[in-house]
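One letter stands for each residue in the lines below.
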Amino acid sequence: YAASGHELRKDWYGKDGQPGRHHRFVEAQRPTDSDRGILAEVANTDFLQAVSLFHTRNVRLQAVADGKHGRELPQVTASRQALLGLPLGAYLTHQDSVEAGFMEAAKFLRRLNIYRIKDLPYQSQVVPLAAILTELGDKWHNDTVRQQLVRWYWSGVFGELYGSTVETRIARDFIEVPSWIRDGAPEPSTIQEATFRAERLDTMRMRLSAAYKGVNALLMNEGAQDFRSGEKFSDTVFFGENVDIHHIFPQDWCKKQGIPPSRFDSIINKTPLTYRTNRIVGGSAPSQYLAALEKGTPGSPPIERARLDAYLRSHLIEPELLRADDFDSFMTDRRSKLLALIEKATGKQVYRGAFEEGEDIGADDDEIEANLTMAEVQYTQEPA
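First, a word on scope: everything that follows refers to the structure included in this document. This structure is a prediction, so every number in the text was calculated from the model and none was measured.

1. Topic: the packing of aromatic side chains
Two aromatic rings, taken as a pair, are described by how far apart their centres are and by the angle between their planes. Scanning the entire structure with this criterion turns up 18 aromatic pairs. The interplanar angle of 70° and the centroid separation of 5.3 Å between the aromatic rings of Tyr153 and Trp154 together place this pair among those described as edge-to-face. For the pair Tyr153 and Trp154, a shared accessibility class is recorded, and that class is buried. Aromatic rings pair up to connect Phe108, Trp140, Trp152, Tyr153, Trp154, Phe158 and Phe196 into one cluster.

Quick look at the structure:
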């Protein structure tokens, strides 16, 4: 491109005092001055991948028009080789529409109550999402279309399909999702292949897991209300009150009862709460902090029991189990409700069958952390 007088770096970082595309992504749907927008970690290679999808798709369509078929047809791809072969003309043709697609992706994610980088399940899934929204244009604002996109998105998250080796999946979703939505083609491979195993909930203990983040977003999207204020976690409350994922049965209480971290640190025992509410929860037994909420604390008026029970149920928590400090029954009950929530999001039943010896049941969060590959690190950090 430089040989033709075009400098990609200036497109990305700006020129002559004018901000570039990177700055616009950082600011897109930015919630507060202290939080970066959801597109802040979109890399220059991510952007080029999305552009490459459109260029290679057009090349393939031209080959079809020229009478080629089968193996003669070039692949739609976002591989590094395709990026290196991306003509300047194609880049200039698609850059503005693809940028707009990323901006629409930020809006889409915000609708799902995904606001911050640390709460984004998969950075890699933003690329096909942006490309698909670019392709669909305003059609994605139609409720039926949006629900189809939501189902595809959560299938990728809870199927944990965008963790590594994603170039092929990105290209397939770019082709299959719009075709499914517009032309009634078969469901995309990502939906067909997505499987969530019930046992996975027990091993989701850290933010490294895309599905862990997904459960948190689903709870907020379903209308979870803060235990103390009763407010839903809209973006205003979310950033005004410093919401994060916190334990329901506090860690200190669990340790005193001899409950191991492998159980009490599960996402089953966690939910979004404001910082102030979590201070009231502290390390007390649930029966004690619920009594404190009902009685009222400095700066927080008393809460009627029936109203507090409604707040708890909005988190898929059975109040009587919490009031009885019945950890085991609580875990069984909430596990069942969270699985139903995942089924609703993906439109598919959770797999509850027994594992056969030697069957790959997927990595738990400790294994995910240990097995992060250099290829994934390179993908997110290497410049174009």
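2. Notes on unusual backbone geometry
Negative phi values dominate among residues other than glycine, just as trans dominates among peptide bonds. Positioned with a positive phi, Glu160 is a non-glycine residue whose angle comes to about 50°. The residue Glu160 is located in the loop between helix H7 (143–158) and helix H8 (167–183) in this model. For Glu160, a relative accessible area of 27% puts it in the partly exposed group. The phi torsion at Thr165 lies on the positive side, around 50°, for a residue other than glycine.

3. Regarding the nonpolar core
The biggest cluster of nonpolar side chains holds 99 residues, and the ones touching the most others in it are Phe102, Phe108, Leu149, Tyr153, Trp154 and Leu201. Top contributing element to this core by residue count: helix H5 (residues 88–111), with nine residues. Leu201 has contacts with Phe196, Val215, Ser266, Ile267, Ile268, Arg335, Leu338, Leu339 and Ile342, leaving out every residue within four places of it along the chain.

4. Brief notes about the environment of Arg169
Note that Arg169 resides in helix H8. C-alpha of Arg169 to C-alpha of Gly258: the two residues are 89 residues apart in sequence and 44 Å apart in space. A polar contact of 3.0 Å, which involves the side chain of Arg169, links it to the side chain of Thr190.

Reading the values: rules and limits
Residues numbered from 1 in each chain as written. Predicted model: local features only at pLDDT ≥ 70, side-chain atom pairs only at ≥ 80, totals over all residues. Heavy atoms only, no water. Phe/Tyr/Trp six-rings, centres within 6.5 Å; stacked < 30°, edge-to-face > 60°. Buried < 20%, exposed > 50% of the residue type's maximum accessible area, 1.4 Å probe, protein only. Helix = DSSP H or I, 4+ residues; strand = E, 2+ residues; numbered from the N terminus. Core = buried A, V, L, I, M, F, W, Y, C linked by side-chain atoms within 4.5 Å. Contact = heavy atoms within 4.5 Å. Polar contact = N/O pair within 3.5 Å; in protein donor to acceptor, adjacent residues only side chain to side chain.

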